[in-house]
Amino acid sequence: MSRPARVFLSYRRDDVAGYAGRLEDALEQRLGQGTAFRDLDDIAPGADFVREIRAQLAQARAVVVLIGPRWAGDGAGADGGRRIDDPADFVHIEVQEALASGVPVVPVLLPGASMPSAGSLPGPLAGLARRNAMTLSDVHWDADVDRLVAALGLAPARRAVWPWALGGAVAAAVAVGLWCRWGTGPGAGAPDDAAVAARLTGVWQAEVTYDWGDRHPERFEFRRHAGQWAGTASFLRHPRAIEQLRFDGTNLHFETRSESSMGSETRRPTQRYAAELSADGRALDFRLEIDGGFGSPRPVSFTARRVDESQAPR
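Values in this document were obtained by computation on a predicted structure and should not be read as measured data. Residue numbers restart at each chain and count upward from 1, following the sequence in its written direction. Under the rules for a predicted model, residues below a pLDDT of 70 receive no local features and side-chain atom pairs below 80 are neither given nor counted, while totals for whole chains, interfaces and linings still include all residues. For side-chain calculations, the full set of non-hydrogen atoms in the structure is used, while hydrogens and water are omitted.

What about the sheet that holds strand E14 (residues 270-277)?
A strand pair is defined by DSSP finding two or more bridges across the two strands. Helix and strand assignments come from DSSP, with helices taken as H or I runs of at least 4 residues and strands as E runs of at least 2, each series counted from the N terminus. Taken in spatial order, the nine strands line up as E9-E8-E7-E6-E16-E15-E14-E11-E10 in an open sheet, and their pairing is antiparallel. Looking at strand neighbours, the two that pair on one side only are strand E9 (238-241) and strand E10 (243-247), the edges of this open sheet. Going from strand to strand, the sheet's axes swing by 25 degrees on average, the running direction of each strand aside. With eight bridges connecting them, strand E6 (residues 202-209) and strand E7 (residues 215-225) associate as antiparallel partners. Paired with glycine 202 across the strands is phenylalanine 222, a residue of E7. Residue contacts follow a heavy-atom distance rule, with two residues in contact if any of their heavy atoms lie within 4.5 Å. Fitted lines through C-alpha atoms serve as axes, helices being fitted only where they are in contact, and the angles separating the N-to-C directions of these axes extend from 0 to 180 degrees. The strands that helix H1 (residues 13-31) touches are E7, strand E8 (228-235) and E9; relative to E9, the one it contacts most, it runs at about 50 degrees.

Comments concerning the sheet that holds strand E4 (residues 105-109)
Strand order in this open sheet of five strands is E2-E1-E3-E4-E5, and the pairing throughout is parallel. Only two strands of the sheet have a single neighbouring strand rather than two, namely strand E2 (36-37) and strand E5 (134-135). Contacts from H1 reach strand E1 (7-10), E2 and strand E3 (62-67) within the one sheet, and its direction differs from that of E1 by about 170 degrees. Set on the sheet, helix H4 (residues 90-101) makes contact with E1, E3 and E4; between it and E1 the angle comes to about 145 degrees.

Here we look at helix H5 (residues 141-152)
To estimate the expected span of a helix, subtract one from its residue number and multiply by 1.5 Å. Relative to the 16 Å expected for twelve residues at 1.5 Å per residue, H5 spans 16 Å between its end C-alpha atoms, a close match to the ideal helical length. Taken together, the buried positions of H5 are occupied by Trp141, Asp144, Val145, Leu148, Val149 and Leu152. Axial view of H5: buried residues confined to an arc of 140 degrees, hence all on one face. Opposite the buried face of H5, at more than 90 degrees from it, the exposed residues are Asp142 and Ala150. Looking one or two residues past H5, glycine 153 carries a phi angle of roughly 70 degrees, positive in sign. Burial classes: relative accessible area under 20% of the type maximum marks a residue as buried, over 50% as exposed, and values in between as partly exposed (1.4 Å probe, protein chains only). Read the arc as the range of directions from the helix axis to the C-beta atoms.

Concerning the pairing of E7
Linkage of E6 to E7, two consecutive antiparallel strands, is achieved through a turn of five residues, within which glycine 213 is found at a positive phi near 105 degrees. Sheet topology places E7 next to E8; six bridges connect them, and they run antiparallel. Bridge pairing in E8 places glutamate 221 opposite threonine 232. Remark: two residues form the turn of the hairpin made by E7 and E8, two consecutive strands paired antiparallel; alanine 226 in that turn has positive phi of roughly 55 degrees.

Focus on the pattern of salt bridges
Any Lys or Arg side-chain nitrogen found within 4 Å of a carboxyl oxygen on Asp or Glu counts as a salt bridge. Summed over the entire model, instances satisfying the criterion amount to 21 salt bridges. For arginine 22, the salt bridge goes to aspartate 138, with nearest N and O atoms at 2.7 Å. Remark: aspartate 138 occurs in the loop between E5 and H5 and arginine 22 occurs in helix H1; sequence separation between them is 116 residues. Just as arginine 22 is buried, aspartate 138 falls in that class too. Between arginine 272 and glutamate 255 there is a salt bridge, with the nearest N and O atoms lying 3.3 Å from each other. Note that arginine 272 is positioned in strand E14 and glutamate 255 in strand E11 (residues 251-257), a separation of 17 residues in sequence. Taken together, the shared-partner salt bridges connect Arg22, Asp138, Arg219, Glu221 and Arg223 into one network.

A look at the environment of glutamine 271
For glutamine 271, the location among the structural elements is in strand E14. For glutamine 271, a relative accessible area of 0% corresponds to the buried category. Sequence-wise, glutamine 271 and alanine 233 are 38 residues apart; in three dimensions their C-alpha atoms are separated by 9.9 Å. Residues contacting glutamine 271, with those up to four places away along its chain left out, are Phe235, Phe254, Glu255, Thr256, Arg257, Ser258, Leu288, Glu289 and Ile290. Only 2.7 Å separates the side chain of glutamine 271 from the side chain of threonine 256, close enough to count as a polar contact. In the analysis that follows, any N or O atom pair within 3.5 Å is treated as a polar contact, provided that within protein one partner can donate a hydrogen and the other can accept it, and provided that, for residues neighboring in sequence, both atoms belong to side chains. At a separation of 3.5 Å, a polar atom in the side chain of glutamine 271 contacts the main-chain carbonyl oxygen of proline 269.

Some words on the packing of H1 against H5
Across the interface, H1 lies against H5 with an axial gap of 11 Å and an inter-helix angle of 65 degrees. At the point where H1 passes H5, the crossing takes the right-handed sense. Contacts between H1 and H5 pair Tyr19, Arg22, Leu23, Ala26, Leu27, Arg30 and Leu31 from the former with Trp141, Asp142, Val145, Asp146, Leu148 and Val149 from the latter. Each helix crossing is assigned a hand: it is left-handed if the near helix lies turned anticlockwise from the far helix by less than a right angle, otherwise right-handed if that turn is clockwise.

Some words on the packing of aromatic side chains
Describing an aromatic ring pair means giving the distance of the ring centres and the angle of the ring planes. Each aromatic pair joins two rings of Phe, Tyr and Trp (for Trp, the six-membered one) with centres within 6.5 Å, and gets the label stacked for planes under 30 degrees apart, edge-to-face for over 60, and tilted for any other angle. Counting across every chain of the model gives 13 aromatic pairs. For the ring pair phenylalanine 254 and phenylalanine 286, a centre distance of 6.2 Å and an interplane angle of 80 degrees mean the geometry is edge-to-face. With a gap of 32 residues between them, phenylalanine 254 in strand E11 and phenylalanine 286 in strand E15 (residues 283-291) connect regions that are remote in the sequence. Here phenylalanine 254 matches phenylalanine 286 in class, with each residue buried. By the ring-pair criterion, three or more aromatic residues cluster together here, those being Phe220, Phe222, Phe254, Tyr273, Phe286 and Phe302. For a lysine, the NZ atom is tested; for an arginine, the CZ atom; a charge sits over a ring if that atom is within 6 Å of the ring centre and within 35 degrees of the ring normal. The lysine or arginine in question, arginine 22, covers the ring of tryptophan 141, its NZ or CZ lying 4.0 Å from the ring centre.

See below:
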C-alpha cells in the first residue's frame, strides 16, 4: 500500500493559526485522515522542532505556505526587525527547506494579506515570490479548498465500503454495528445530536472589551462534521482554531491559543471560553479567562449573537 499523500502546512501561529486548523480539517476531509501535517497538533511535546520539521518536509508531497497580514513578523524579531529575515525563524526554515525540496510549494493568501515580492524576501526565500499564489476566503471557503486540492494534484481519499457491498456474514456483522451506532436508543441519538448541534452551528459576532482596554469585534464560527466539532474563534481580531469544544445544547466550553512576545521572550497564552445559550437560541453569554501570557488579566464577560454569515464582518 502506498504512503498517504502528505500536505505540509507552513504558517505563523500568531498570524493565521485558526485558518491553519480549519484548512487541516478541510484537507483531511477530502484526502483522508492524517494526510495534512500541522506542527501544533502533529509534533509531540519535547521533540526537536527543527529536526521534526525537516523530517516531515522530506516526506511531504506538497507544501502550502499560509500567508496572513502578519506573516513577515514585522517588528517582532529579536532586534526589532522582521522575524522572516531571521535564519533561525521557524517559518523561514520551513519555507527555505520546502523550496529546496523540489516538491510543489503553493503560497495561499488569507484575508488581509498580499503576496510578498522577491525583493522584500530574504535571499533564500525569494523563490516563493515566483510561485503562483492562491487565495482562501471565508465566503467561498469550500470552493477555494477544492481548487487548492486540484492544484496540489493529490487524489481524494477512498470512499468507505457499505455493508451490502461486503456480502455474507461480514455485511451482517457490519450492519449490526451500524444499527447499534445509529439506532434510536439512548446515546445513539443521531437525530437528537443533529438538533443539539443546530443550536450552535453557524456564525456569531460580539464586541469584546478586554481587561487592558482594547475593544474588538470578535467572530465565532462553529461547525459539525462526522460527529466532531470544529471552528474558529477570533481573539484580538485574529482567528484561532477551537480546541476541546463541549456543548450540551445549553452550556458551551472550548479553548484557543495565541502567541505573544515581549522582548526576546515568547509565550503561548490559552483563552478559555465558557458560555450559556439563551432560551431563544439567539445569544451566547460568554466568560473568557486568559492565562499563560504576560500579566494576569481579569475575566471578561460579553454576549455574542448569531448573524447571517454573509453579513458577518471579516
